[in-house]
Amino acid sequence: MTKRRYSREFEGSAVQLVEQRGYSVRDAAKSLGVDPHSLRSWIKQFGAEAVAAPNGEAALRLEVRRLRQENQRLLMEREILKKRRLTSRGKNREVQLYPKPPG
């Protein structure tokens, strides 16, 4: 059995379900599809840290990082679409309504 890795954002959201919204650890873990022991360790690890929203320079760094990742993803998607457009115009997909006369 492999150990699953979760992002800090996911772990923080799971902790918020328990601490702010009043879910029990067992119910929150079941709804998220994680082990209750993992959720308990996240609660111990994050505590009030996960509940507090980042502010100041840390928030700006997080936003810049998120925007750079999104930009990289969009550039890659654009390149894929460019390549697709160039290769999908083949004669094998053309439909001739009036066949050309021989000769």
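The coordinates are above.
Remember, it's a predicted structure, so these values are computed and weren't measured experimentally.

K.L.:
How should the layout of surface pockets be read in this particular structure?
P.N.:
Picture a little ball the size of a water molecule; that probe, rolled over the atoms, points out where space is still empty. By volume, the second largest pocket amounts to about 280 Å³. Together, Lys3, Arg4, Arg5, Tyr6, Glu11, Gly33, Val34, Asp35, Ser38, Ser41 and Trp42 line the second largest pocket. Tallying contributions element by element places helix 3 (residues 36–46) first for the lining of the second largest pocket, with three residues. Partitioned by chemical class, the residues of the lining of the second largest pocket number three nonpolar, three polar and five charged.

K.L.:
It is not clear to me how the packing of helix 1 (residues 8–19) against helix 3 should be interpreted in this structure. Could you clarify?
P.N.:
Axis angle and axis distance: for two packed helices, these are the angle between their axes and the distance between the axes, and together they describe the pair. With their axes 9 Å apart at the nearest point, helix 1 and helix 3 run at an angle of 95° to one another. The angle between helix 1 and helix 3 falls in the class roughly perpendicular. Between helix 1 and helix 3, the contacting residues are Arg8, Phe10, Glu11, Gly12, Ala14, Val15, Val18 and Glu19 on the first element and Leu39, Trp42, Ile43, Gln45 and Phe46 on the second. Looking at the contact of helix 1 with helix 3, its residues break down into eight nonpolar, two polar and three charged.

K.L.:
Help me understand the packing of aromatic side chains in this model?
P.N.:
For any two aromatic rings, the description comes down to two numbers: the centre-to-centre distance and the angle of the planes. Scanning the model with the defined rule gives three aromatic pairs in all. Aromatic pair tyrosine 6 and tryptophan 42: ring centres 5.4 Å apart, planes at 75°, arrangement edge-to-face. Of this pair, tyrosine 6 sits in the segment before helix 1 while tryptophan 42 is found in helix 3, placing the two residues 36 residues apart along the sequence. For tryptophan 42, a relative accessible area of 6% translates into the label buried. Members of the aromatic cluster, joined through ring pairs, are Tyr6, Phe10 and Trp42.

K.L.:
What am I meant to see in helix 2 (residues 25–32) here?
P.N.:
Every α-helix carries 3.6 residues per turn, so stepping three or four residues along brings you back to the same face. Listed in full, the buried residues belonging to helix 2 are Val25, Ala28 and Ala29. Projection of helix 2 onto a plane perpendicular to its axis shows the buried side chains occupying an angular sector of 100°, all on one side. Exposed side of helix 2, more than 90 degrees from the buried face: Arg26, Lys30 and Ser31 are the residues found there. Where helix 2 is buried, its residues meet helix 1 and helix 3. Glycine 33 sits one or two residues past helix 2 and shows a positive phi near 75°.

K.L.:
Help me out: how do you make sense of the packing of helix 2 against helix 3 in this one?
P.N.:
As a packed pair, helix 2 and helix 3 sit with axes 9 Å apart at the nearest point and diverge in direction by 115°. Relative to helix 3, the element helix 2 lies roughly perpendicular. Considering how the two elements wind past one another, helix 2 and helix 3 form a crossing that is right-handed. Along the contact surface, helix 2 presents Val25, Ala28 and Ala29, while helix 3 presents Pro36, Leu39, Arg40 and Ile43. Per-class residue counts for the contact of helix 2 with helix 3 are six nonpolar, no polar and one charged.

K.L.:
I would appreciate a short explanation of the nonpolar core in the present structure.
P.N.:
Side chains that are nonpolar tend, in soluble globular proteins, to be buried together. If you look at the biggest cluster of nonpolar residues, it comprises 12 residues: Ala14, Val15, Leu17, Val18, Val25, Ala28, Ala29, Val34, Leu39, Trp42, Ile43 and Phe46. Contributions of two or more residues to this core are made by helix 1, helix 2 and helix 3. If sequence neighbours within four positions are ignored, leucine 39 has contacts with Ala14, Val15, Val18, Val25, Ala28 and Ala29.

Definitions and cut-offs
- Residues numbered from 1 in each chain as written.
- Predicted model: local features only at pLDDT ≥ 70, side-chain atom pairs only at ≥ 80, totals over all residues.
- Heavy atoms only, no water.
- 1 Å grid on protein atoms, 1.4 Å probe; cavity = no way out; pocket = protein on both sides within 12 Å on 5 of 7 lines; lining within 4 Å.
- Points joined across faces, edges and corners; volume = space filled by probe spheres on them.
- Helix = DSSP H or I, 4+ residues; strand = E, 2+ residues; numbered from the N terminus.
- Nonpolar A, V, L, I, M, F, W, Y, C, P; charged D, E, K, R; others polar.
- Axes fitted to C-alpha atoms, helices over the stretch in contact; angles between N-to-C directions.
- Parallel < 35°, antiparallel > 145°, perpendicular 65-115°, else oblique.
- Contact = heavy atoms within 4.5 Å.
- Phe/Tyr/Trp six-rings, centres within 6.5 Å; stacked < 30°, edge-to-face > 60°.
- Buried < 20%, exposed > 50% of the residue type's maximum accessible area, 1.4 Å probe, protein only.
- Arc of directions from axis to C-beta.
- Left-handed = near helix turned anticlockwise from the far one by under 90°.
- Core = buried A, V, L, I, M, F, W, Y, C linked by side-chain atoms within 4.5 Å.

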